[in-house]
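The lines below spell out each chain.
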2 protein chains.
Amino acid sequence: MEVEKPSLNHIALVVADLGAALDFWGGQLGLPSDAAQTIPDEGVEIAFLQLGAARLELIQPLEQDNGVARYLAKRGPGLHHLCLEVPDLDVKLDELAAQGIELINDTPRERDGRRYAFVHPASTGGILLELYDRN
Amino acid sequence: MEVEKPSLNHIALVVADLGAALDFWGGQLGLPSDAAQTIPDEGVEIAFLQLGAARLELIQPLEQDNGVARYLAKRGPGLHHLCLEVPDLDVKLDELAAQGIELINDTPRERDGRRYAFVHPASTGGILLELYDRN
């Protein structure tokens, strides 16, 4: 039996100007986009665009002192994280931990009915990785 | 008639240690991977992994004085570029140029039978964007 592989859920990019980025990716490039939304408790404004079977997430910090703002100030615009879906998140986290992979969340967290966990960039080659539970 | 939308071809990440990154993304996470290959005229070693309908490209600089090495030294590991496929690259480049988008390649270049052009980060919100011709 073939093992089900991870797939891409979304690519999250940090930008300095969400409106201008939406004009490009949504307007000029033509990716279908949802309306931008503010996430007050994270101090960011975000928007999702459809990219084939996956999505592009654009994130703009609205404050100077949160993690996304510091990331943007330090590294400039670019990738914030990749999010992959895995068939069984609990099993995968146990496997990764047993192999010495550094997990930010040892057990899945949940938001809007979606179970997820983050893997530390130290174990991925420098990229913050979010894993979604496909189940 | 519905207009055909751009889709994701690959996500290219710069890493400092291609072997370690392949161990994680290919081995521990389980993405199917091609063998790593050296691109002598660009001074890099790369590998592609399958990610659903798209691919993840890992790039490690092999020299200190090329663009990828400077990018890694300046920004750390992370996104190098995104590559999207568009239905008709010539038409799309003309449209983008007419809208004031800054193109690195005004007309498509070709490599291995693949027609492509790069869009400057100044027009995308800070992300280097490669466009492939789907035709």
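Fair warning: this is a prediction, and the values are worked out from it, not measured in the lab. (Residues numbered from 1 in each chain as written. Chains lettered and ligands numbered in written order. Predicted model: local features only at pLDDT ≥ 70, side-chain atom pairs only at ≥ 80, totals over all residues. Heavy atoms only, no water.)

Enquirer: Would you mind going over the interface of chain A and chain B in detail, with residue names and values included?
Expert: Of the residues lining the interface, 36 residues belong to chain A; the matching set on chain B comes to 36 residues. Taking both partners together, chain A and chain B bury about 3100 Å²; carbon and sulfur atoms supply 71% of that area. Among the residues chain A hides against chain B, the three largest losses belong to A:Q28, A:L29 and A:R75. Together they make up 19% of the total. Between chain A and chain B we count zero salt bridges in total. There are nine residue pairs in polar contact (both at pLDDT 80 or more) connecting chain A and chain B. Mapped by element, the contributors of at least two residues to the side of chain A that touches chain B are strand 1 (7–14), helix 1 (18–28), strand 5 (78–86), helix 3 (89–98) and strand 8 (129–133) of chain A. Among the residues forming the side of chain A that touches chain B, the class breakdown is 22 nonpolar, eleven polar and three charged. (Contact = heavy atoms within 4.5 Å. Buried area = accessible area lost by both parts, 1.4 Å probe. Salt bridge = Lys/Arg side-chain N within 4 Å of Asp/Glu carboxyl O. Polar contact = N/O pair within 3.5 Å; in protein donor to acceptor, adjacent residues only side chain to side chain. Helix = DSSP H or I, 4+ residues; strand = E, 2+ residues; numbered from the N terminus. Nonpolar A, V, L, I, M, F, W, Y, C, P; charged D, E, K, R; others polar.)

Enquirer: Give a detailed account of the nonpolar core, specifying residues and quantitative values.
Expert: If you look at the biggest cluster of nonpolar residues, it comprises 62 residues, and the most contacted ones within it are A:I11, A:W25, A:L82, B:I11, B:W25 and B:L82. Apart from residues no more than four positions distant in its own chain, B:W25 is found in contact with A:L82, A:L84, A:T124, A:I127, A:L129, B:L13, B:G30, B:L31, B:L49, B:L56 and B:L58. (Core = buried A, V, L, I, M, F, W, Y, C linked by side-chain atoms within 4.5 Å. Buried < 20%, exposed > 50% of the residue type's maximum accessible area, 1.4 Å probe, protein only.)

Enquirer: Now, about the pattern of salt bridges: what can you tell me, with residues and values included?
Expert: All names here are of chain B. Taken as a whole and judged by the stated rule, the model has twelve salt bridges over all chains. In this structure, R134 engages E85 in a salt bridge whose closest nitrogen and oxygen atoms are separated by 3.5 Å. Taken together, the positions of R134 in the segment after strand 8 (129–133) and E85 in strand 5 (residues 78–86) put the pair 49 residues apart, joining distant regions of the chain. For E85, a relative accessible area of 16% gives the class buried. Its salt-bridge partner being D133, residue R115 comes within 2.6 Å of it at the nearest N-O pair.

Enquirer: So what's going on with the pairing of strand 8 of chain A? Which residues, and what values?
Expert: Along a regular strand, successive side chains alternate from one face of the sheet to the other. Residue and element names in this part refer to chain A. Counting buried residues along strand 8, five of its five residues qualify, which places the element largely inside the surrounding structure. What you see with strand 8 is no split at all: L129, L131 and D133 on one side and E130 and Y132 on the other are buried throughout. Bridge analysis of strand 7 (residues 114–119) against strand 8 gives four bridges, and the strand direction is antiparallel. Across the sheet, Y116 pairs through a bridge with Y132, a residue of strand 8. (Pairing = 2+ DSSP bridges.)

Enquirer: Can you tell me about helix 1 of chain A, naming the residues and giving the values?
Expert: Residue and element names in this part refer to chain A. Buried residues of helix 1: L18, A21, L22, F24, W25, G26 and Q28, and no others. The backbone nitrogen of G19 has a side-chain oxygen 3.1 Å away, supplied by the residue at the start of helix 1, namely D17. The positive-phi residue at the C-terminal boundary of helix 1 is G30, with phi of around 90°.

Enquirer: So, helix 3 (residues 89–98) of chain B: which residues are in play, and what are the values?
Expert: B:L89, B:K92, B:L93 and B:L96 are the residues of helix 3 of chain B that are buried. The buried residues of helix 3 of chain B occupy an angular sector of 100° when projected down its axis, which confines them to one face. Exposed residues on helix 3 of chain B whose side chains face more than 90 degrees from its buried face are B:D94 and B:A98. The inward-facing, buried residues of helix 3 of chain B contact helix 1 of chain A together with strand 5, strand 7 (114–119) and strand 8 of chain B. (Arc of directions from axis to C-beta.)

Enquirer: Hey, could you go over the side chain of B:N66 for me, with residue numbers and the actual values?
Expert: Residue and element names in this part refer to chain B. Mapped onto the elements of the fold, N66 is located in the loop between strand 4 (54–61) and helix 2 (67–75). In terms of polar contacts, N66 uses its side chain to reach the backbone carbonyl oxygen of G43, at 3.0 Å. Not counting chain neighbours up to four residues away, the residues in contact with N66 comprise E42, G43, V44 and P61.

Enquirer: Give a description of unusual backbone geometry that names residues and reports values.
Expert: The backbone of A:D112 sits at a positive phi, close to 55°, despite the residue not being glycine. Mapping A:D112 onto the fold places it in the loop between strand 6 (109–111) and strand 7.

Enquirer: Please give an account of the sheet that holds strand 5 of chain B that cites residues and values.
Expert: Residue and element names in this part refer to chain B. What the eight strands build is an open sheet, ordered 2-3-4-1-5-8-7-6; its pairing is mixed. Only two strands of the sheet have a single neighbouring strand rather than two, namely strand 2 (37–39) and strand 6 (109–111). Averaged over all pairs of adjacent strands, the angle between strand axes in this sheet comes to 30°, irrespective of strand direction. Sheet contacts for helix 2: strand 1 (7–14), strand 3 (44–51), strand 4 and strand 5; angle to strand 4, the most-contacted strand, approximately 90°. This element, helix 3, spans strand 5, strand 7 and strand 8 of the sheet and lies at about 140° to strand 8. (Axes fitted to C-alpha atoms, helices over the stretch in contact; angles between N-to-C directions.)

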